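As a plain string of letters, each chain reads:
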Amino acid sequence: MSKKKAMSLLLTAGLVFSVQGAYAQGKEGVPNSQAAAAFDNKIIKKINSDHMYNTVALLSEQPRAAGTDGELKGAMYIKGQFEKYGYQTELQPFKFYDAVRKNVSGTLEIGNKSFHPYVVSGSYSDEVTAEVIHVGKAIAGTVPDAVSGKIALIERGDISFLEKIQNVLNKGAVGVIMYNNSGTSNTFGQAGYGQNIPVVAITKDQGLTLVEQLKAGTKTAHLKVTGSGMEEKTSYNVIAKMKPHKNKDTGQIVMIGAHHDSVPGGPGANDDASGVSAVLELARVMANMPTDTELRFVTFGAEEKGLLGSYHYAGTLSDEEADRMVAHFQMDMIGSKDAGGGHKANGLIMYTIDGKKNLVTDLAAAAGARTALGEAVPYGQLGRSDHQPFHELGIPAALFIHSPLEPWYHTPADTIDKIDKNKLQETAEIVGASVYQIVRPDTPALEHSRVAPGPVDYDFENRPPGA
Ligand code: BES
Ligand code: ZN
């Protein structure tokens, strides 16, 4: 792809559609701006937030935790909608391991003292009696060989729970007691599949007392966990493709994504039925539109379990395919009445993994000014959603979200009554207009991973999402 083509799109993004442009200011009679508006209108006039709202209402009737019937039901609904719009559609299953807790109990006795430890999520169920050894934070390289055959006492902090457990497991530990590094809680921690030793957590005070006692002499513990473990489950990605016209194919692919799973027990209206509703609405609006670029609409499963669906999907792409992907637009939490308050652009922000602008943010910042929102969208730096695996493949990607988050985030109160149709509409228009700018046949192809430098004026914001 030539530099000229990339420059030309840059002009489209930056100058013709400038956020300071006449259209954004509402003036008339500037040909380029009229053209811009005419192209946007092909998409945005068709976007109907009632459709989106109804999708959110339907999906959030029940939780959709990965691997549950609720997820499958949601995924089948999404697949059915894609098919109805005429897309080539695939339900892509993948397996993962999930923590199970069925009548969980954990006991820890040291000398004549009985602890009431927390059984770490996913801990293996087993019973051991062994000497306790303090290994600090269990950073790799600092764990003594002497941990072999013993129960490791580990301080929380600095590295992940999984790494801590693995580091002592590698040296032959037979059990783990983790102690907190702040507060008075013992409720934390997570063990991984294949880490087949019992793992419990205790409070900071309990831990520090033990550390002192161990300095005075050896101690033997009896540790027992029942009702806990890991179970293999299946989650799904739902994939819809639309190939461009064969005589006018740039060979490039644009991705529009959201995740359809929720947290267990959460109806996930905003997180992320809202994003799914926009994916489906844009799929509806763009079905059968002439394009010169392949469109892929994907809803991911098991995002809440650690971005598992998007990593799985990214892992199934050939190098050649990944190379042809020029943009990933991720919508995750785009409809909350109660998020983003007091911030510009109605609280909408585009988060990138590296905190840098890219093609996606350039196009969407400008689209914000031309569409219902009526102003440029700021950008910031954050992961925590499915734009991560695409960024890692070198694909320009951003997360669209209202930030700071609403108080209902990951609670049973993330329900349809908290959804603002107007926010759904604004975000879908921005993503729709941006995508159309790439895929409509009269714009030039992009040079892959060439990031259009930003003649568009939009700001970086250091805006932590909270929660
Ligand atoms: N919708 C959120 C993403 C999010 C949360 C963005 C908070 C910004 C702030 C997403 O579904 C989520 O909850 N992600 C997890 C991380 C994931 C790797 C399990 C999170 O942030 O805890
Ligand atoms: Zn989410």
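What comes next is a walk through the structure. No experiment lies behind these values; they were computed from the predicted model shown. (Residues numbered from 1 in each chain as written. Chains lettered and ligands numbered in written order. Predicted model: local features only at pLDDT ≥ 70, side-chain atom pairs only at ≥ 80, totals over all residues. Heavy atoms only, no water.)

1. Describing the nonpolar core
Ranked by internal contacts, the top residues of the largest apolar core, which has 62 residues, are Phe82, Tyr87, Phe297 and Phe400. Considering each element in turn, this core owes the most residues, 10 residues, to helix α8 (residues 269-286). The contact partners of phenylalanine 82, leaving out residues within four places of it in the chain, are Tyr87, Thr89, Val238, Ala240, Val279, Leu280, Ala283 and Phe297. (Core = buried A, V, L, I, M, F, W, Y, C linked by side-chain atoms within 4.5 Å. Buried < 20%, exposed > 50% of the residue type's maximum accessible area, 1.4 Å probe, protein only. Helix = DSSP H or I, 4+ residues; strand = E, 2+ residues; numbered from the N terminus. Contact = heavy atoms within 4.5 Å.)

2. Comments concerning unusual backbone geometry
Among all residues save glycine, negative phi is the norm, and among peptide bonds the norm is trans. With an omega of 0°, the peptide bond running from aspartate 271 to aspartate 272 counts as cis. Its place among the elements puts aspartate 272 in helix α8. A cis amide bond links serine 403 to the next residue, proline 404, at an omega of 0°. Of note, the phi angle at asparagine 346 is positive, near 60°, even though the residue is not glycine.

3. Quick notes on the packing of aromatic side chains
Aromatic rings in a pair are described by how distant their centres are and how their planes are angled relative to each other. Scanning the model with the defined rule gives 11 aromatic pairs in all. On the numbers, 5.8 Å between centres and 40° between planes, the contact of phenylalanine 161 with phenylalanine 188 is tilted. Taken as a pair, phenylalanine 161 in helix α6 (residues 161-169) and phenylalanine 188 in the loop between β6 (175-179) and β7 (199-202) lie far apart in primary sequence, 27 residues in all. The pair phenylalanine 161 / phenylalanine 188 is uniform in exposure class, with both members buried. (Phe/Tyr/Trp six-rings, centres within 6.5 Å; stacked < 30°, edge-to-face > 60°.)

4. Details of the site of ligand 1
In the vicinity of ligand 1, 15 residues are found, and the nearest of them are Glu303, Asp332, Arg384, Tyr409 and His410. In the model, a nitrogen atom of ligand 1 is placed 3.0 Å from a nitrogen or oxygen of the aspartate 271 side chain. Here an oxygen atom of ligand 1 and a side-chain polar atom of glutamate 303 are 2.7 Å apart. Among the residues making up the shell around ligand 1, the classes are represented as 7 nonpolar, 3 polar and 5 charged. (Near = heavy atom within 4 Å. Polar contact = N/O pair within 3.5 Å; in protein donor to acceptor, adjacent residues only side chain to side chain. Nonpolar A, V, L, I, M, F, W, Y, C, P; charged D, E, K, R; others polar.)

5. Some words on the side chain of arginine 64
Along the chain, the position of arginine 64 falls in the loop between α4 (49-59) and α5 (69-84). An unpaired buried charge is present at arginine 64: no salt bridge exists, and aspartate 414, the closest side chain of opposite charge, is 6.8 Å distant. Among the polar contacts made by the side chain of arginine 64, one reaches the main-chain carbonyl oxygen of leucine 59 at a distance of 2.8 Å. In this structure the side chain of arginine 64 is engaged in a polar contact, spanning 2.7 Å, whose partner is the backbone oxygen of proline 267. Sequence-distant contacts of arginine 64, that is, excluding residues within four places in its chain, are made with Leu59, Gly70, Glu71, His260, Asp261, Ser262, Gly266, Pro267, Gly268, Asp271, Asp272 and Ala273. (Lys, Arg positive; Asp, Glu negative; His and termini not counted. Salt bridge = Lys/Arg side-chain N within 4 Å of Asp/Glu carboxyl O.)

6. Side note on helix α9 (residues 308-316)
For an α-helix, the turn length of 3.6 residues means that residues three or four places apart are oriented alike. Looking only at α9, the buried set comprises Gly309, Ser310, Tyr313 and Ala314. One side of α9 carries all its buried residues, which in axial view fall inside an arc of 130°. At its buried positions, α9 is contacted by β1 (88-110), β8 (220-242), β9 (253-259), β10 (294-300), β11 (325-331) and α12 (387-392). (Arc of directions from axis to C-beta.)

7. Thoughts on the coordination of the zinc ion (ligand 2)
The coordination sphere of the zinc ion (ligand 2), as far as protein atoms go, consists of His259 (NE2), Asp271 (OD), Asp332 (OD) and Asp332 (OD), spread over 1.9 to 2.6 Å. Around the zinc ion (ligand 2), the 6 donor atoms sit at angles spanning 52 to 166°, and that spread fits a shape best called irregular. (Donors = N, O, S within 2.8 Å, 3.2 Å for Na, K, Ca; no water. Tetrahedral: all angles 85-135°; square planar, octahedral: opposite > 155°, others 65-115°.)

8. So, the pattern of salt bridges
Scanning the entire structure with this criterion turns up 19 salt bridges. Salt-bridge contacts for aspartate 98 lead to lysine 233; the nearest nitrogen and oxygen are separated by 2.9 Å. One end of the pair, aspartate 98, is in strand β1; the other, lysine 233, is in strand β8, with 135 residues separating them in the sequence. Residue aspartate 98 shares its accessibility class with lysine 233, and that shared class is buried. Aspartate 459 is the salt-bridge partner of lysine 344, the closest N and O atoms lying 3.0 Å from each other. Taken as a pair, lysine 344 in the loop between β11 and β12 (348-352) and aspartate 459 in the segment after α13 (421-439) lie far apart in primary sequence, 115 residues in all. You can call lysine 344 partly exposed: its relative accessible area is 35%.

9. A word on the packing of α5 against α8
Interaxial distance between α5 and α8 falls to 10 Å at its minimum, and their mutual angle equals 15°. By the angle class used here, α5 and α8 are roughly parallel. Crossing angle aside, the handedness with which α5 passes α8 is right-handed. Here α5 contributes Tyr77, Ile78, Gln81 and Phe82 to the contact with α8, which in turn contributes Val276, Val279, Leu280 and Ala283. Tallied by class, the residues present in the contact of α5 with α8 amount to 7 nonpolar, 1 polar and no charged. (Axes fitted to C-alpha atoms, helices over the stretch in contact; angles between N-to-C directions. Parallel < 35°, antiparallel > 145°, perpendicular 65-115°, else oblique. Left-handed = near helix turned anticlockwise from the far one by under 90°.)

10. Considerations on α5
Taking 1.5 Å per residue, 16 residues should reach 22 Å; α5 reaches 22 Å between its end C-alpha atoms and fits that length. Of all the positions in α5, only Gly70, Glu71, Gly74, Ala75, Ile78, Lys79, Gln81 and Phe82 are classed as buried. Looking at the buried positions of α5, the neighbouring elements they touch are α4, β1, β8, α8 and β10. The first or second residue beyond α5 is glycine 86, which carries a positive phi of 95°. (Expected span 1.5 Å × (residues − 1).)

11. A look at the environment of serine 277
By the secondary structure assignment, serine 277 is in helix α8. Dropping the residues within four chain positions of it, serine 277 is found in contact with Met52, Thr55, Val56 and Leu424.

12. Considering the environment of glutamate 127
Position of glutamate 127 relative to the elements: it lies in strand β4 (residues 127-134). Placed 176 residues apart in sequence, glutamate 127 and glutamate 303 show a C-alpha to C-alpha distance of 33 Å. Excluding anything up to four places from it in sequence, glutamate 127 contacts His222, Leu223 and Lys224. For glutamate 127, the side chain forms a polar contact with the side chain of histidine 222, separated by 2.7 Å.

13. As for the pairing of β8
In this structure, β1 lies alongside β8, joined through 20 bridges in antiparallel fashion. Residue pairing across strands places proline 93 opposite tyrosine 236, the latter belonging to β8. Relative to β8, β4 runs antiparallel, the two sharing 5 bridges. Across the sheet, residue glutamate 131 finds its bridge partner in β8, namely threonine 220. Of the strand pairs in this sheet, β8 and β10 are connected by 5 bridges, and their pairing is antiparallel. Residue pairing for β10: methionine 242 is matched across the bridge by leucine 295. (Pairing = 2+ DSSP bridges.)

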